[in-house]
Amino acid sequence: MRGLIRSSALFAVPVALLAAAFTLVFYNSALPPSLAGLRVYGPYILFALGGALALAFNRGRALHALIVLCGAYGAQQLWLQQGLDAFAARTVYIALTLFVPLNLAALALMPERGTFNRHGALRLGAILLQAALTAWVALAGQADVIDWAYQKFLDPAPFSAGRIPQLGIALIGLGLLISMATALMTRSAVAAALAGSIVAFAIAAHVPTASLTFSAFTAMAELMVTVAVLQDTFRMAFRDELTGIPSRRALNERLAGLGRTYTVAMIDVDHFKNFNDTYGHDLGDQVLKMVAAHIAGVGGGGRAFRYGGEEFTILFPGKEADEAMPHLEALREEIESYQVALRGTDRPKKAKGSKRQRGGWRGKNAVSVTVSIGLAERNDRLATPQAVIEAADRALYRAKDKGRNRVSR
């Protein structure tokens, strides 16, 4: 259920902005005359705003997506408003329906590698090459190429309906599937925004001569990408990159807003350094992800955070220690019983020149870990969040001194 909610939230902004674009188009008279210029210049303004943010936060994928969307709008303004009768207009239109979804899907798949580097230069070069190819086809009068791109591969409706050529429809559908799947697998706000941008572009491209529709949906696509930059930056600041749960910075902000009753639990993975030295850091990372996933699902209204290294924190707002204890015991038992699969035994036991093992552990197929937990509640003696955390940390060390794999107060 939580996964379904998170997946739905991922696409909340694109869906909301698509709805806003429909509202702008169908109720365009609501825009006051003093702001009528936004119908023409809005996409350029949002491109400048989003581009500035992408540059400031070094988000190369977002910057190049904005370049693609703004370029598509500029092409529509220059060549498509008067219709598609001219050969140049037909060439530009088919190029947009093919290259825009292709570029957005490719950007969704790519890892983030910044802006001013060879990766950014290659992405920009690919976009410019597409523009040059389109210009060459238009200027050279390559009618055979354009006729082939416009041909109908399937006759029955709905494949033969609509303005967009079937080849463009195929790439739009493929690009949407790729970007949505990437967003769901990576939980990336940028990938979700690119999926929404493909939908917005498809709606705009369906009526290429309608300036208001093209402007509104292009502007909303750019706004999706811009908001995604802010979401991605927020995630980097307040989410732990490895485990995906809130980070220590998020914990500090949450502590500042607690009431008078709460319990703090400090959790540490037992013998984690030895585990890393024995099985390697790759498997150690998998263990941290597993532990974090279990901690994030703790009952009793607990909120999970990664404190640092192999240490985690759970806040129980409005709960006393006695109320939190059963949930922590259940959590400890779940983690203890979970088996982490090892990789095959055909790899070398030890990496050359290192004490860490590269592959599976000989004679074993799985391994389990345990955690020690210390908890403390806020009271008159422990009146501040820092004092409660320190008390929970002392309780954690008592749990370790008593043999580990236990909950201590």
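Residues numbered from 1 in each chain as written. Predicted model: local features only at pLDDT ≥ 70, side-chain atom pairs only at ≥ 80, totals over all residues. Heavy atoms only, no water.

With reference to specific residues and values, describe the overall build of the protein.
Check the secondary structure of the protein and you find 15 helices and 7 strands. Per-residue burial for the protein yields a buried fraction of 45% across its 409 residues. Across the protein, the fraction of contacts at a sequence separation of at least 24, relative to all contacts at a separation of at least 6, is 72%. When the accessible area of the protein is evaluated, it comes to approximately 20,600 Å², of which 60% is carbon and sulfur surface. (Helix = DSSP H or I, 4+ residues; strand = E, 2+ residues; numbered from the N terminus. Buried < 20%, exposed > 50% of the residue type's maximum accessible area, 1.4 Å probe, protein only. Contact = heavy atoms within 4.5 Å. Areas by Shrake-Rupley, 256 points an atom, 1.4 Å probe, with all protein chains shown as cover.)

Talk me through the pairing of strand β2 (residues 303-308); I want residue IDs and the actual numbers.
Pairing of β2 with strand β3 (residues 311-317), which is carried by 5 bridges, proceeds in the antiparallel orientation. Note that in β3 the partner of Gly 308 across the bridge is Glu 311. In this structure, the hairpin formed by β2 and β3 is closed by a connection of 2 residues, where Gly 309 is found at a positive phi of approximately 60 degrees. (Pairing = 2+ DSSP bridges.)

Let's hear about the packing of aromatic side chains: which residues, and what values?
One pass over the full model with this rule turns up 6 aromatic pairs. Ring geometry for Phe 272 and Phe 275: centres 6.4 Å apart, planes at 5 degrees, overall stacked. Of the two residues, Phe 272 and Phe 275 both sit in helix α12 (residues 272-279), 3 residues apart, roughly one turn of that helix. By relative accessible area, Phe 275 is classed as buried at 8%. Summarising the aromatic geometry, the rings of Phe 275 and Tyr 279 are spaced 4.8 Å apart at their centres and angled 45 degrees between planes, so their arrangement reads as tilted. Of this pair, Phe 275 and Tyr 279 both sit in helix α12, 4 residues apart, which is roughly one turn of that helix. Grouping aromatic residues by their ring pairs yields a cluster made of Phe 272, Phe 275 and Tyr 279. The ring of Tyr 150 has Arg 90 sitting right over it, with the charged end atom 4.2 Å from the ring centre. (Phe/Tyr/Trp six-rings, centres within 6.5 Å; stacked < 30°, edge-to-face > 60°. Lys NZ or Arg CZ within 6 Å of the ring centre and 35° of its normal.)

Explain the pattern of salt bridges to me, and be specific about the residues and the numbers.
For the structure on display, the rule yields 12 salt bridges. Here Asp 270 and Lys 400 are joined by a salt bridge, their closest N and O atoms 3.2 Å apart. One end of the pair, Asp 270, is in the loop between β1 (262-269) and α12; the other, Lys 400, is in helix α15 (residues 385-401), with 130 residues separating them in the sequence. Judged by its relative accessible area of 6%, Asp 270 is buried. A relative accessible area of 14% means that Lys 400 is categorised as buried. (Salt bridge = Lys/Arg side-chain N within 4 Å of Asp/Glu carboxyl O.)

How would you sum up the pairing of strand β6 (residues 371-377)? Please name residues and give values.
Taking burial as the measure, the 7 residues of β6 include 6 buried ones, the bulk of the element. Relative to β6, β1 runs antiparallel, the two sharing 7 bridges. Within the sheet, the bridge partner assigned to Ala 265 lies in β6 and is Leu 375. Pairing of β6 with strand β7 (residues 407-408), which is carried by 2 bridges, proceeds in the parallel orientation. Directly across from Ile 373, in β7, lies its bridge partner Val 407. For the crossover that starts at β6, traverses α15 and ends in the parallel β7, the hand is left-handed. (Right-handed = clockwise from strand over helix to strand, strands pointing away.)

How would you sum up a positive patch on the surface? Please name residues and give values.
Judged by side-chain charge, Arg 381, Arg 394, Arg 398, Lys 402 and Arg 406 come together as a positively charged surface patch. Locating Arg 398 in the fold gives a position in helix α15. We classify Arg 398 as partly exposed; its relative accessible area is 33%. (Patch = residues over 30% accessible without salt bridge, like charges linked within 9 Å, V, L, I, M, F, W, Y side chains within 5 Å. Lys, Arg positive; Asp, Glu negative; His and termini not counted. Charge placed at Lys NZ, Arg CZ, Asp CG, Glu CD.)

I'd like a description of helix α7 (residues 143-150), backed by residues and values.
Taken as a whole, α7 has its buried residues at Ile 146, Ala 149 and Tyr 150. Along the axis of α7, the buried residues cluster in a sector spanning 95 degrees; they form a single face. Residues of α7 that are buried sit in contact with α5 (87-109), α6 (118-140) and α8 (166-186). (Arc of directions from axis to C-beta.)

So what's going on with the sheet that holds β6? Which residues, and what values?
Strand order in the open sheet formed by 5 strands is β2-β3-β1-β6-β7, with mixed pairing between adjacent strands. Strands at the two margins of the open sheet, each flanked by one partner only, are β2 and β7. The strands touched by helix α11 (residues 248-256) within the sheet are β2 and β3, with β2 carrying the most contacts at an inclination of about 125 degrees. Where helix α14 (residues 321-337) meets the sheet, it contacts β1, β3, β6 and β7, and its direction lies at approximately 170 degrees from that of β6. (Axes fitted to C-alpha atoms, helices over the stretch in contact; angles between N-to-C directions.)

Go over unusual backbone geometry with me, naming the residues and quoting the values.
Here His 271, not a glycine, exhibits a phi torsion of approximately 55 degrees, which is positive. Under the relative-accessibility criterion, His 271 is labelled partly exposed at 45%. The backbone phi angle of Asn 405 is positive, close to 55 degrees, even though this residue is not glycine. With respect to the element layout, Asn 405 can be found in the loop between α15 and β7. Of the residues examined, Asn 405 reaches a relative accessible area of 19% and is grouped as buried.

Describe the layout of surface pockets, and please don't skip the residues or the numbers.
Empty space within the second largest pocket amounts to approximately 400 Å³. Forming the boundary of the second largest pocket are 19 residues, of which Ala 75, Leu 96, Gln 130, Ala 131 and Thr 134 lie nearest the centre. Among the secondary structure elements, those contributing two or more residues to the lining of the second largest pocket are α4 (60-80), α5 and α6. Among the residues forming the lining of the second largest pocket, the class breakdown is 15 nonpolar, 4 polar and no charged. (1 Å grid on protein atoms, 1.4 Å probe; cavity = no way out; pocket = protein on both sides within 12 Å on 5 of 7 lines; lining within 4 Å. Points joined across faces, edges and corners; volume = space filled by probe spheres on them. Nonpolar A, V, L, I, M, F, W, Y, C, P; charged D, E, K, R; others polar.)

With reference to specific residues and values, describe a nonpolar patch on the surface.
A contiguous nonpolar patch, built from Leu 38, Val 40, Tyr 41, Tyr 44 and Ile 45 and spanning about 450 Å² of accessible area, is present on the exposed surface. Checked against the element boundaries, Tyr 41 lands in helix α3 (residues 38-56).

Go over the packing of α12 against helix α13 (residues 281-296) with me, naming the residues and quoting the values.
Remark: α12 packs on α13, axes separated minimally by 7 Å, with the N-to-C direction vectors making an angle of 135 degrees. By the angle class used here, α12 and α13 are oblique. Contacts from Phe 272, Phe 275, Asn 276 and Tyr 279 of α12 reach α13 at His 281, Leu 283, Gly 284, Val 287 and Leu 288. (Parallel < 35°, antiparallel > 145°, perpendicular 65-115°, else oblique.)

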